[in-house]
Amino acid sequence: MMRYRVFLVLAAITLCGCQVAAGQWHFSPAAGEAMIGLCQREYTKHTGRVLGDEADRVYVYSRWDVSWIVFSKGERGSFGEPEYGFKTHLRCAIATKPRLRVELMDQGTFAKIIDLEPKSFEEFRYLDEFPIVSLYVRDGSGFSYSKSRPTLSREELNERINRMYDSLDVPEDEILVIQ
């Protein structure tokens, strides 16, 4: 039954025009859920493992041609102040044209699992080139949609990260001075 629902969501996404031009594109929570599921299935297919319960949230950075799916532990800084213990568990780049397809996958920060060349989505330099970020939080064994917002600029995110580091209470005797 669950596979049938996922298939229907993927079919609806395709029929609704995820492959449309940038000016006509709109993100939906159901599209995010379908991409999260696709990323998890591809991870299992390529590694033989399932993503554990370590990740407590998923960020979906979306634009008309690609979405980045980031499974993490802790707040990244997109919806609040970043958490010092933030950790990325899995990242997927899912192209939305000509169809939904995982074209890039990293476990952690640098361990490549999938890297298809050439990629069908346009190049980007930073996540602020994505018009929207959506947050999904762990709900039992899956993830549920929480909220969406425009992505932060690099400057805004750097300010949040700097505030996080400035607020850390590090005892004087633990500070390493390089001379």
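Heads up: the structure comes first, above all this text.
1. Regarding the state of the cysteines
Moving on, step 1. For the structure shown, the criterion picks out one disulfide.
Moving on, step 2. Shown here is the disulfide that connects Cys39 with Cys92, its sulfur atoms set 1.8 Å apart. Disulfide Cys39-Cys92: the torsion about the S-S bond is 60 degrees, which places it as right-handed. With Cys39 in helix α2 (residues 29-47) and Cys92 in strand β3 (residues 87-95), this pair connects stretches of sequence that are 53 residues apart.
Moving on, step 3. Classification of Cys39 by relative accessible area gives buried; the value is 0%.

2. Quick look at the side chain of Glu75
Moving on, step 1. The residue Glu75 is located in the loop between β2 (66-73) and β3 in this model.
Moving on, step 2. Within the structure, the side chain of Glu75 is placed 3.0 Å from the backbone nitrogen of Ser78, a separation counted as a polar contact.
Moving on, step 3. Here Glu75 is in contact with Arg57, Tyr59, Gly80, Glu81, Pro82, Glu83 and Phe86, once residues within four sequence places are set aside.

3. As for the nonpolar core
Moving on, step 1. Counting 23 residues, the largest nonpolar core has Ile36, Val58, Ile69, Phe71, Leu90, Ile94 and Met105 as its most contacted members.
Moving on, step 2. Sorting the residues of this core by element identifies α2, β1 (57-62), β2, β3, β4 (101-107) and β6 (132-139) as the ones contributing at least two each.
Moving on, step 3. Ranked by the residues each element gives to this core, the list is headed by α2, at six residues.
Moving on, step 4. Not counting residues within four places of it along the chain, the set of residues in contact with Leu90 comprises Cys39, Tyr43, Leu51, Ile69, Val70, Phe71, Met105, Asp106, Gln107, Gly108 and Ile113.
Moving on, step 5. Counting residues in each nonpolar core, the second largest holds 14 residues, with Trp68, Phe79, Phe124 and Leu135 among its members.

4. With respect to the sheet that holds β6
Moving on, step 1. Taken in spatial order, the seven strands of this open sheet run β5-β4-β3-β2-β1-β6-β7, and their pairing is antiparallel. Since the sheet does not close on itself, it has two edges, and those belong to β5 (111-115) and β7 (142-149), each with one partner. Along the sheet, successive strands turn relative to each other by an average axial angle of 20 degrees, direction set aside.

Thresholds applied
Residues numbered from 1 in each chain as written. Predicted model: local features only at pLDDT ≥ 70, side-chain atom pairs only at ≥ 80, totals over all residues. Heavy atoms only, no water. Disulfide = S-S within 2.5 Å. Helix = DSSP H or I, 4+ residues; strand = E, 2+ residues; numbered from the N terminus. Buried < 20%, exposed > 50% of the residue type's maximum accessible area, 1.4 Å probe, protein only. Polar contact = N/O pair within 3.5 Å; in protein donor to acceptor, adjacent residues only side chain to side chain. Contact = heavy atoms within 4.5 Å. Core = buried A, V, L, I, M, F, W, Y, C linked by side-chain atoms within 4.5 Å. Pairing = 2+ DSSP bridges. Axes fitted to C-alpha atoms, helices over the stretch in contact; angles between N-to-C directions.

Purely geometric numbers; function is a separate question.
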